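Topology and contacts: notes
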Amino acid sequence: MKPAKPELLAPAGGMEALTAAVENGADAAYIGARAFSARGYASNFSEEELEKAIDYAHLRGVKIYVTVNTLLKEEEMESALILLSRLREMGTDAIIIQDLGLISLSRKYLPDLPLHASTQMTLHNSEGVAFVKDLGIERVVLSREVSLEDINKIKEKNDVEIEVFVHGALCISYSGQCLLSSLIGGRSGNRGYCAQPCRKKYRLYCAGKQVKTSGSYLLSPKDLNTTSGLGALIEAGIESFKIEGRMKRPEYVAGVVRIYHRLIDRYLKNPAGYSVSEEEQETLTQLFNRGFTSGYFFGNPREKLMSRENPHNRGIPAGTVVSYDTRTKRIRIKLSNSLRLGDGIMVENAETRPEDKGKIISSMYTERGPVYNAGKGEVIEISFESRAPSGSTVYRTHDKKLMDSLKKESEFGALRPKIPLLITATIAQGKPARLEIKDSDSNVVTVESEYLVEKAEKVPTSKAQIEKQLTKFGNTLFEAAELNVNVEGDIFIPVGQLNDLRTKAVLQLENLRVSKWKRAPLGNLQLPVFGEKNAKEIEENGKPGETEKIGETEKRKETREIEEIKTQKLPGKPLLSVAVYSSEGLEGALAGGADCVYFGEGLYRRPKAAGNEKNSDGEKASGRSLESIFESAVLKARAAGSKIYFNTPKIVKDYEMKPVEELLSRVEKFGADGVLVSNLGTFNLAKEKKVPCIADSPMNIYNGYTFALLLQKGAEMAVISPELTLDELKEVAAYGPAECIIHGRLELMESEHCLAGGLLGKGGNQCSAPCTSGNFKLVDEKNYEFPLLMDYQCRTHLLNSRSLCMLEYVPALIESGISSLRIETLGMDNPEEIRRITGKYRKAIDAFCETGERAKEKCEDLGKGFTTGHYFRGVQ
């Protein structure tokens, strides 16, 4: 069976980029509003510009998806829902969305507005996709780390549209799971303001010694390019191919869209003869590249994923440095490719910062003197401020001729095929002239002239003359595909009347193509206010103090539901929970007085030197099985009078789900209290298996509506996002049993790429497990040290350089209404240290709850270099 043609989805950071996308063959474009967009640094669109953009695209038969794909704080929810309401009225084809709370509100109040799950939701398994489908999601943008095999499994189990990225920049972390920019500089990727610290220099250390690496940009991936494997993606039945690049220039959008549009058509026309020309690959390379990779679609690329030597656009090689004159500050280059004035270049090994290695050529000299352009084999001189060693490669990063051509062609508006029309006209004496036009989307308009057709007194108006005038569509979007003109008798009709008739029909058809997508307003949306005053009013008279002007009954119902959730909140003293990753750590936490432990034995590899290495089956080298380890852990917790939950991985692909199912079965088998889950897939699985669960912080609980949804779906408790301030935490904690992390190193990212294996492995498809040779860490340019952990699926976990410590703020945390305070022991190997830290927090909690005494001990008593995270500074 011939595969269906996938949608080609293009990025547009502004109106010029949208025009470029539409003119060069995009079937749909995704754009961002000025607020709540995951590309906060793009120009984006005002509300007025959004409507113009949607109308522009719809007129040309192109869909528009608007990104409202950031995590939302409590006070932003009403504004976000109102924005969605306006976008619905404008006729947007779908919203690309991340926040679970906003999804829940949208389904309740805007049920006819299509929603697509953003890649920021970290959806990478069938269970997670099934969960969001049940919420009303129509399409899922899968994580970039999924393979073609993963996609096939997801499609087999779920009747939902799938969208994947096929070209553009890659994140080293799973999208939606990165806190690196947030905790380093307060700019959150989850809020659209990632500062891209992954494109900075780092040094790798193992067991305290620096490891020599090829390049210093150890977290910088290449760019995605799937042109060579596009046929396999088409055959997989993926509904939408997405190009990354809302921060890119319109010319980039034009060139990439044009080539992918051409390649999709080429494959569908002749799959066996499909190929990508050298010219097409060179154009893609010239437009922007950090080196190319096909990503994870066809297997793990391992070391081939990374662009460690240069994190910036490298263009294409243009020549080699012959010499540098320090007196004149000119560089001599022997060209291997053409250069002209206005081109941009980047010189490898130039003695300056990477971002300063490039320049635009404003003057150029050969032995003939000043020249406008020079070709292969010629030696040129140009001004260049920084010294560069002889033999260094010079790259052309900006091709002025190519960019000018793409810009001009896109602006001219002649690239997109005309919309074919079926035209039917009836011209009869004594009656108005009648014209019907029908487009390829079955939009039909019929117009009549006010003029009554006359009987010809001399020369009648011929059918050919009528046909000629009715098909003069000029610079409009339309062209005549079929024409049926019925002329009754010898008639006369002025040319101007025919022109007016055609113009009137075209205007009505244009209006219909735009207006058919508009939706009727629903009214003035206003969310209920869930404050103390409001709660009192509900208690007294059963209705909220402030509600939406429409859907009054639904609002009251939602208010009651949320107030019921609030009453489930754990009373009194908060629990002290400790996440541990070994039996020794468990014993330390229990000895320190933990009320609850999250047991994660087997989640992370440990160095062989520690004597704890496990084999591929996850069993200890000593032969002690995980079964006995987990059974023993439960017995120890029960003996101490503590709760115990089994911890599950953050990333679990379909082929990795069986061990999680086995872990869930151990809960009942050994009498544990439940599981800690970190993705929507394992959450859904636990719900199906009726295993009690706690929703962990990677599920991005940012507001009360997300919190309420997870509680309604079966979570016993939820761990609030570490990006919230203490005041924001208090607002969310009012919705129910909430936990916050108060001590330990936060995980900043999880990457499918094994950093140690990519740098130190022997190559090929078999990992030599170099990560077990010692404790690894990354050190940045400011000498901050970030510990690295690796797991048994060869994924990398990057921890914060500084440990969180809120010891002296325990009273404030308790007063916030939090139900559980958590110590995180990731990277903490010493059980005595775990016991000591747990004991300090135990003492602080007990003292305040029992006597009101505030702890005298402070974080300095536990060591140096602590941080309070975002509790007092928050994120952008």
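For helix 3 (residues 77-90), spanning 14 residues, the distance from its first C-alpha to its last is 20 Å, which sits close to the expected 20 Å at 1.5 Å a residue. Along helix 3, ten of the 14 residues are buried, which leaves the element largely enclosed by surrounding structure. Packed against the buried residues of helix 3 are helix 2 (47-59), strand 3 (63-68), strand 4 (94-97), helix 4 (100-109) and helix 20 (704-712). Immediately beyond the C-terminal end of helix 3, within one or two residues, lies Gly 91, with a positive phi of roughly 100°.

The next thing to look at is the pairing of strand 1 (residues 7-11). Counting buried residues in strand 1 gives five out of five residues, a clear majority hidden from the surface. Side chains Glu 7, Leu 9 and Pro 11 of strand 1 all project onto a buried face; the interleaved residues Leu 8 and Ala 10 project onto the opposite face, where all are buried too. Looking at chain direction, strand 1 and strand 2 (residues 28-32) are connected through three bridges and run parallel. Residue pairing across strands places Pro 11 opposite Tyr 30, the latter belonging to strand 2.

Our next topic: the environment of Cys 693. Tracing the sequence through the fold places Cys 693 in strand 33 (residues 693-695). Here the alpha-carbon distance between Cys 693 and Glu 716, two residues 23 residues apart in the chain, equals 5.9 Å. Discounting residues that sit within four places of it in the chain, Cys 693 has contacts with Val 675, Val 677, Phe 683, Ala 686, Gly 714, Ala 715, Glu 716 and Met 717.

This next bit is on the confidence of the model for the protein. The predicted model of the protein averages 91 in pLDDT, with 91% of residues at 70 or higher. Overall, residues 530-553 carries pLDDT values under 50, and its contacts beyond four positions in sequence, including any with other chains, amount to 39 contacts. Of the regions scoring below 50 in pLDDT, residues 613-623 engages in 24 contacts with residues more than four places distant in sequence or in other chains.

What follows deals with the environment of Ala 591. In this structure, Ala 591 sits in helix 16 (residues 583-592). Judged by its relative accessible area of 54%, Ala 591 falls in the exposed class. Residues Ala 591 and Ser 118, spaced 473 residues apart in sequence, show a C-alpha to C-alpha distance of 43 Å.

The rules behind the values
Every residue gets a number counted from 1 within its own chain, in the order that chain's sequence is written. Reporting of local features is limited, given that this is a predicted model, to residues whose pLDDT is at least 70; pairs of side-chain atoms are given and counted only at 80 or more, and all residues count toward the totals for whole chains, interfaces and linings. Side-chain numbers here rest on the full set of heavy atoms in the structure, without hydrogens or water. Put simply, DSSP marks the helices as runs of H or I at least four residues long and the strands as runs of E at least two long, and each gets a number from the N terminus on. Here, expected helix span is obtained from the residue count minus one, scaled by 1.5 Å. Accessible area is worked out with a 1.4 Å probe on protein chains only. A residue is then buried under 20% of its type maximum, exposed over 50%, and partly exposed in between. Residues are treated as being in contact if the distance between any of their heavy atoms lies within 4.5 Å. Pairing between strands is defined by DSSP: at least two bridges between the two strands are required. One confidence number per residue, pLDDT, is output by the predictor and ranges from 0 to 100.

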